[in-house]
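A closer look at the structure
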Amino acid sequence: MWIDRSGGPGTKPVIRCGTNPQILEKAEETAQSAMTEGFVKRLKACAREDAKRGVYMSASSNLMRKEQMREQVSPDRSGPMAQVNCAIQQALSETDPLLRLLDRLLEKLSGNCSAGIHIRPEGQTAEIRAPNGEVIASYSSLGGGWTEIQTKAEKKFYSESTAVYYQAYKEARAEMKAAQAESSQGGEAAVDVWA
């Protein structure tokens, strides 16, 4: 959600659902910069190999994309998650029952992230936000622990890398079919039907 104040003086700001345009622009830049020439070359080679084996999006191609994303696009989640875990444990060790029922805002976590923590008798929840305000991880003691939430930049990177892979895979399959058709036509021409 973001507030649009572009209406000019005397107009009320409009609250819009969705993503701040600056976040989308930065996500585009981040995803583009991660699509390095070397990565694209390796991804295309992997797609051609997968096409030869008849496997779309093999485990190795997915691993390659995840590694590139982790190194070039993803925010650090492990540091802030560890800090929030410590804060939750501290809150749970409080002896005063009133102190155990609290909401805390943690600022200046590693990576300039922030977090909101809610401690209740029913369970604990937390949410970690990147410096730009995007939620990057959430925690629920009832829901199985931590869940990493994909950022706009990560989604954009996955989309772009999938498009590059798909195009290379499709081209490799077309080349294979053309070569197969050519070899089958060449074999028929050598057969003498009247003999």
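Residues numbered from 1 in each chain as written. Predicted model: local features only at pLDDT ≥ 70, side-chain atom pairs only at ≥ 80, totals over all residues. Heavy atoms only, no water.

1. Describing the overall build of the protein
Scanning the protein from terminus to terminus reveals 6 helices and 7 strands. Along the protein, helices (α) and strands (β) appear in the sequence β-β-α-α-α-α-α-β-β-β-β-β-α when read from the amino end. Counting all 195 residues of the protein, 32% fall into the buried class. By sequence separation, contacts in the protein at least 24 residues apart represent 48% of the contacts at least 6 residues apart. In the structure as shown, the protein presents an accessible area of about 12,700 Å², 54% of it carried by carbon and sulfur atoms. (Helix = DSSP H or I, 4+ residues; strand = E, 2+ residues; numbered from the N terminus. Buried < 20%, exposed > 50% of the residue type's maximum accessible area, 1.4 Å probe, protein only. Contact = heavy atoms within 4.5 Å. Areas by Shrake-Rupley, 256 points an atom, 1.4 Å probe, with all protein chains shown as cover.)

2. Looking at the packing of aromatic side chains
Applying the stated criterion to the full structure yields 6 aromatic pairs. Ring geometry for tyrosine 56 and tyrosine 169: centres 4.9 Å apart, planes at 85°, overall edge-to-face. Residue tyrosine 56 is found in the loop between α2 (37-53) and α3 (59-72), and its partner tyrosine 169 is found in helix α6 (residues 152-189); the two are separated by 113 residues along the sequence. The exposure class of tyrosine 56 is partly exposed, given its relative accessible area of 38%. (Phe/Tyr/Trp six-rings, centres within 6.5 Å; stacked < 30°, edge-to-face > 60°.)

3. Considerations on helix α1 (residues 21-34)
Look at α1: 20 Å from first C-alpha to last across 14 residues, which is about the 20 Å you get at 1.5 Å a residue. Within the span of α1, buried status applies to Ile23, Ala27, Thr30, Ala31 and Ala34. Considered in projection along α1, the buried side chains sweep an arc of 95° and stay on one side of the axis. Projecting away from the buried face of α1 at angles above 90 degrees are the exposed residues Gln22 and Glu25. (Expected span 1.5 Å × (residues − 1). Arc of directions from axis to C-beta.)

4. Points about the environment of isoleucine 149
As for its placement among the helices and strands, isoleucine 149 is situated in the loop between β7 (145-148) and α6. It is 9.6 Å that separates the C-alpha atoms of isoleucine 149 and isoleucine 128, two residues lying 21 residues apart in sequence. Non-local contacts of isoleucine 149, meaning those with residues more than four positions away in its chain, are made with Arg77, Val135, Ile136, Ala137, Ser138 and Glu154.

5. Focus: the side chain of arginine 77
Note on placement: arginine 77 falls in the loop between α3 and α4 (78-92). Assessed through its relative accessible area of 7%, arginine 77 is described here as buried. Separated by 2.8 Å, the side chain of arginine 77 and the backbone oxygen of isoleucine 149 make a polar contact. Not counting residues up to four positions away in its chain, the partners in contact with arginine 77 are Ile136, Glu148, Ile149, Gln150, Thr151 and Glu154. (Polar contact = N/O pair within 3.5 Å; in protein donor to acceptor, adjacent residues only side chain to side chain.)

6. Observations regarding the sheet that holds strand β4 (residues 114-120)
The strand order β3-β4-β5-β6-β7 describes an open sheet built from 5 strands, whose pairing is antiparallel. In this open sheet, the two strands that pair with only one neighbour each are β3 (102-106) and β7. Sheet twist, expressed as the average angle between the axes of neighbouring strands with direction ignored, equals 10°. (Pairing = 2+ DSSP bridges. Axes fitted to C-alpha atoms, helices over the stretch in contact; angles between N-to-C directions.)

7. What to know about the confidence of the model for the protein
Residues shown with low pLDDT carry predicted positions that ought not to be read at fine detail. Within the protein, residue pLDDT values average 83, and 83% of them lie at 70 or more. Model confidence for the protein, summarised as mean pLDDT per element, is weakest for strand β1 (residues 2-4) at 39 and strongest for α2 at 96. Between residues 1-8, whose pLDDT stays under 50, and residues either more than four places distant or in other chains, the model counts 19 contacts. Across residues 189-195 the pLDDT falls below 50, and counting only partners more than four positions away or on other chains, this stretch makes 0 contacts in the model. (pLDDT = per-residue confidence, 0-100.)

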